[in-house]
Structures are given as C-alpha cells and as structure tokens.
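The lines below spell out each chain.
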Amino acid sequence: MRKRLTAVAAIGGGLAVLGAGALAVAGVRALRRRAGQPGVAGLAGPPTTARWPGAGASGQPGNLRLRRGMSAVRLVARGGARYATSAPKLFAAAGEARQQLRQDLALQTAQDVAETLGAMKGVLMKIGQMASYVDDGLSPAVRRTLSRLQDSVPPMSAELAASVVRAELGMAPEQAFATWDPEPIAAASIGQVHRAITHDGRAVAVKVQYPGIAEAIAADLDNVALLRRMLRITAPSQDVDALIAELRERVLEELDYRREAASQALFADYYDGHPTISVPKIVAGLSTSRMVTSELAVGARFAELAGWPQAERDLASETIYRFVFRSLYELHAFNGDPHPGNYLFHGDGRVTFLDFGLVKHFTVGELRPLMQMAGSLCVRDDPEEFRRSMEIAGFLRPDAPLSTEMVVEHLAVFYATIRKPGRVTIDPDYATAVVRRFFDVRSPVAEYVSIPRSYVVLQRINLGLFAVMGELTATADWRSIAEEIWPFVLGPPSTPIGEAEQAWRSRRPVHTAPLI
C-alpha cells in the first residue's frame, strides 16, 4: 500500500504519521505554555456533537485557543495511536491482508478527520479540505470520506442562523425575505448557505457566517507555535513566518463578507454574458459584514460531474482553466479557493463559480515576473532568462550554486502541460507529481527556492487546480489555450469555447497587463 495513505492521520498531505507523535507533543507543550496550563488530559474520542468550538463560546481568547489547539492535537494523537496499536497486526500480516488493514486504518482516520474538522470549522477545516482533493496515494474510500469537508459538513442550528440574520438586518429572516428555508443547502468552513426568495421575487442564496467564527479563527491563527510546526513539516523549504503572515491576512479578509461581496461582484461584472463562465450576481441591499446574498445557482456537483462522459469533463476542465488564468492575467485577481465544492456544472462546458472569500488581487508589477517566466521557458525556450526571472521575482536565490539545467529540471513539472503545443492529459499521476515536487526537500534545488509572500496564494494552482483537473483526467491542448490568454501572445481561438469567448470579448473592453 502506498505510504501516503498515512498522511490523513495528521490532517493533511505531507504530515506523515511518523511525525504525528512529535507534532502532538510539541503542540501540547506549546499550548500549555501559551495558556499557562500545567497539563492536559483526555486524548481520546472524536467529538460527539456537531456544535463546533467557538459557537456561542465564552471565556478568554487564550482558553478558546487552547481548546481548539487541543482538538487538533487530539486528532493527531488519535491517528498516531491508531497506527501504533495496529502495528503488531500490520507486522504479522502479509500481502492482501496487510493492505486491507492499512486501508481500514486510513478509512477510520479519514472519518475521524472529517468529523473533527467539519465540527471545528475555521482554519483547520481548510487544511482538511485541501487534504480531501490533493491526491497523493489516498484510496477512493478515504478520499470520498474526506470529500465531506467540501460541502457536507455539520451545519449550525436554524436558530443560530436566524440570530445572525436578525443581528445584521434588524429583523427575522422570515421578515427580511418573502420565503426563508431554515435548512441550509451547504455548510462550509466559516458559514453556511440558505435558500430564500426576496420580496421582489428573486430566488437567492444567503450565506450566513457562523457566530463566534471570527474568535475561533483568531484562536487558530494565534496558535503560532502549532501552525509553525505544521508548516515546517508540510513546507520545510519555505519561509514559514511569511506563510503564516499571508495565511493570517487572507483568512481575516475572508471573514469580512462585505469584501467577499465586492470580489464576487467584480468577477460577476467581468464575466457577465460569458458563454461558459457564470458568477452569481450580488444582492447588495441584503449583504452585510456577516451575510452575503446572491442569485441562487443550481447545477451538478463535482461528484456528479466525475460520472459524466469524458468529453463533458474535458469541456468543464477547459472552462475552469480559462477562468483561473483569464482572471489572473486580465482581471489581475485570483480566486484562491479552487476546491471541488465551489463549482456547479451544467453541461457543454458551462460552469458556475462560487465562494469568493479568498481572492487575491495582484499589481502589474507582481504579474510581470509570472509572465516573464512563462514567456522565457515556454515561448522563447530561453532557460537562462527563465532563471533570471525567477531570481528577480524572489523564487530562486541569486547566488544559488546550481546549474540552470538543474533549476529547469526541478521546476519543469509545473510547466509540463504548456511547454509544447498538443493535447495533454492531466491525470491523477501528474497532479500527484506536482504535489510531490512542491513538497520535495530532497532535491538539491529545494534549499535555494522559496515562495515570495505575494505568490503564496497562487500555489493553490499547483495544490488545488491541478488536483481537481487530475481527478477529471482532463485532456486539452493547454498550451494553445494558454496562448489565447497570455498577454504577451494573444493567440487565436483554439477550441469552440475559445471561439465563443472571442466573440464575447469583442463586445466588451479588454483588460490586459502590459506586454513583457
């Protein structure tokens, strides 16, 4: 059985079970120091209620930080203990019996992860969401279990949701809307979604923030010692403090639903009338700092799309690809949460994009190095220019004692789909190769590369977008599609969607970054 199955026991890809015990001990010690506690007992048993820590919680921030941190530590400890107690059986078993034991252990751990993080919400649930769609040796049963974190986590009660609406709008949801459905249609890391009908007859989706989630997230982010240890295991070659700072800034932005509404309105306006990309429009009068109301969108979920014909999966993947990179190069914005729960599918390549809480906006100066790297390696085939572009952007240390050939070889996997024209399939093996290269600390290049803070969110392309497309075994001429979008090429349409998109673009202003 592949070793990466054990990664689930430590809440996410890259945290091996062998490191779980050390992480748990370090986490307990750090939490004790922060909270002034002499000791913590009771490291057994998953949560018995869907009421997440922080909802309606009282007490000092330090106590909340301790409770949430200990929930994560207990989860890790349970995973380590589960494998430790099963070690004799694994040692004694052989062949298919050993493989089945490992599968069962991984599934039990995945169920524990989904239950615990789904109940906790917040930052740690986001880590679990990433584990659910980054395929690095997880069995189908394990991934199905973790996928519950994408859109099927435990919701808050109808009364709690109504209390948020009442606090935000000054009236009960039944008064604010002509019709209000108290049963949520989706529950995510910081809020859940309800159907409603406005008084002017529009069907809408209302995202309501969990009460107390801001305090819970602040507690997660203040567990710096635990986060630092986790990140040093998952991204040992990176500037961990910069990663934490970027994580803090992005997640705290996500808590302000007014910002999310503004971002969604930006994308909805830009893609208005697009042949295959749809973004629900915001209802401004019913959106506040803890509520976002937008047009109700319906469609097939990712799990349904996975059962559609390959041609449909290819078209949907092309639309997702166009959305990500056209938004980046023309709108100068990146929706940094590309997990499967944020898409609705309608057939013929039509996709509705949801959840704009984690949007990163880029300056032209920040985008220019990305264009230079893609242009130098893929268009001009100039490795030395590629290396210089990486050094200028801060991805590679200027004095690195590495040959340019080594640098290109190390990073080539990230550009493999667009180095040359021709149809290429993004399969799970490719997605896994990207993840492994991202976390590869054994390469001599790893010591000299890092991710500048401005580009941390963009790594979700490598860890999220390609994982999603790999799950769909998406096939297309990605290089030709990229040339349509690259501001330094602006190539002709290469697919029927590209032709329809060109007609749409001809009817509206074109936003592009300066050519390099």
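What is the right way to look at the pattern of salt bridges in this model?
Pairing between side chains becomes possible if they bear opposite charge and their charged atoms approach one another. Applying the stated criterion across every chain, the model contains 16 salt bridges. For Arg-387, the salt bridge goes to Glu-391, with nearest N and O atoms at 3.2 Å. Here Arg-387 pairs with Glu-391, and both are found in helix α16 (residues 383-393), just 4 residues apart, close to one helical turn. You can call Arg-387 buried: its relative accessible area is 10%. Each member of the salt-bridge network shares a partner with another, and the members are Glu-318, Arg-322, Arg-326, Glu-330, Glu-484, Glu-501 and Arg-505.

Please explain the packing of helix α15 (residues 364-379) against α16 as it appears in this structure.
Helix-helix packing: each pair is described by the crossing angle between the helix axes and the interaxial distance. In contact at an axis separation of 8 Å, α15 and α16 are set at 165 degrees when each is read in the N-to-C sense. Between α15 and α16, the interaxial angle falls into the category roughly antiparallel. α16 is crossed by α15, and the crossing has left-handed handedness. Seen from α15, the contacting residues are Pro-369, Gln-372, Met-373, Ser-376 and Leu-377; seen from α16, they are Glu-385, Phe-386, Ser-389, Met-390 and Ala-393. Across the contact of α15 with α16, the residue classes tally to 6 nonpolar, 3 polar and 1 charged.

Looking at this structure, how should I read unusual backbone geometry?
Apart from glycine, the bulk of residues carry a negative phi angle, and the bulk of peptide bonds sit in the trans form. You will see that His-332, though not glycine, has its phi angle at about 60 degrees, which is positive. With respect to the element layout, His-332 can be found in the loop between α14 (310-331) and β7 (333-335). On the basis of relative accessible area, His-332 is assigned to the buried category, the value being 16%. The backbone of Asp-348 sits at a positive phi, close to 60 degrees, despite the residue not being glycine. Looking at where Asp-348 falls in the secondary structure, it is placed in the loop between β8 (343-347) and β9 (350-353).

What's the story with helix α19 (residues 459-471) in this structure? I'm lost.
An α-helical segment advances 3.6 residues per turn. Residues three or four places apart therefore align on the same side. A rise of 1.5 Å per residue sets the reference length of α19, with its 13 residues, at 18 Å; its end C-alpha atoms lie 18 Å apart and thus fit the reference within 8%. Approximately 25 degrees is the largest bend angle found in α19, and it occurs at Leu-465. When you tally the buried positions in α19, you get 12 out of 13 residues, the bulk of the element. Positioned one or two residues after α19, Thr-473 has a phi angle of 45 degrees, which is positive.

Quick question: what am I supposed to make of the packing of aromatic side chains here?
Two measures describe an aromatic ring pair: the distance that separates the ring centres and the angle between the ring planes. The final tally for this structure, using the stated rule, is 17 aromatic pairs. Ring geometry for Phe-323 against Phe-353: centres 3.8 Å apart, planes inclined by 15 degrees, an arrangement best described as stacked. With a gap of 30 residues between them, Phe-323 in helix α14 and Phe-353 in strand β9 connect regions that are remote in the sequence. Phe-353 carries the same exposure label as Phe-323, and that label is buried. Ring pairs connect the aromatic residues Phe-267, Tyr-270, Tyr-271, Phe-302, Phe-323, Tyr-343, Phe-345, Phe-353, Phe-356 and Trp-504, which therefore count as one cluster. Against the face of Tyr-270 rests Arg-508, its NZ or CZ located 5.0 Å from the ring centre.

Scoring rules and cut-offs
Residues numbered from 1 in each chain as written. Predicted model: local features only at pLDDT ≥ 70, side-chain atom pairs only at ≥ 80, totals over all residues. Heavy atoms only, no water. Salt bridge = Lys/Arg side-chain N within 4 Å of Asp/Glu carboxyl O. Helix = DSSP H or I, 4+ residues; strand = E, 2+ residues; numbered from the N terminus. Buried < 20%, exposed > 50% of the residue type's maximum accessible area, 1.4 Å probe, protein only. Axes fitted to C-alpha atoms, helices over the stretch in contact; angles between N-to-C directions. Parallel < 35°, antiparallel > 145°, perpendicular 65-115°, else oblique. Left-handed = near helix turned anticlockwise from the far one by under 90°. Contact = heavy atoms within 4.5 Å. Nonpolar A, V, L, I, M, F, W, Y, C, P; charged D, E, K, R; others polar. Expected span 1.5 Å × (residues − 1). Bend = angle between axes of the 7 residues up to and from the residue. Phe/Tyr/Trp six-rings, centres within 6.5 Å; stacked < 30°, edge-to-face > 60°. Lys NZ or Arg CZ within 6 Å of the ring centre and 35° of its normal.

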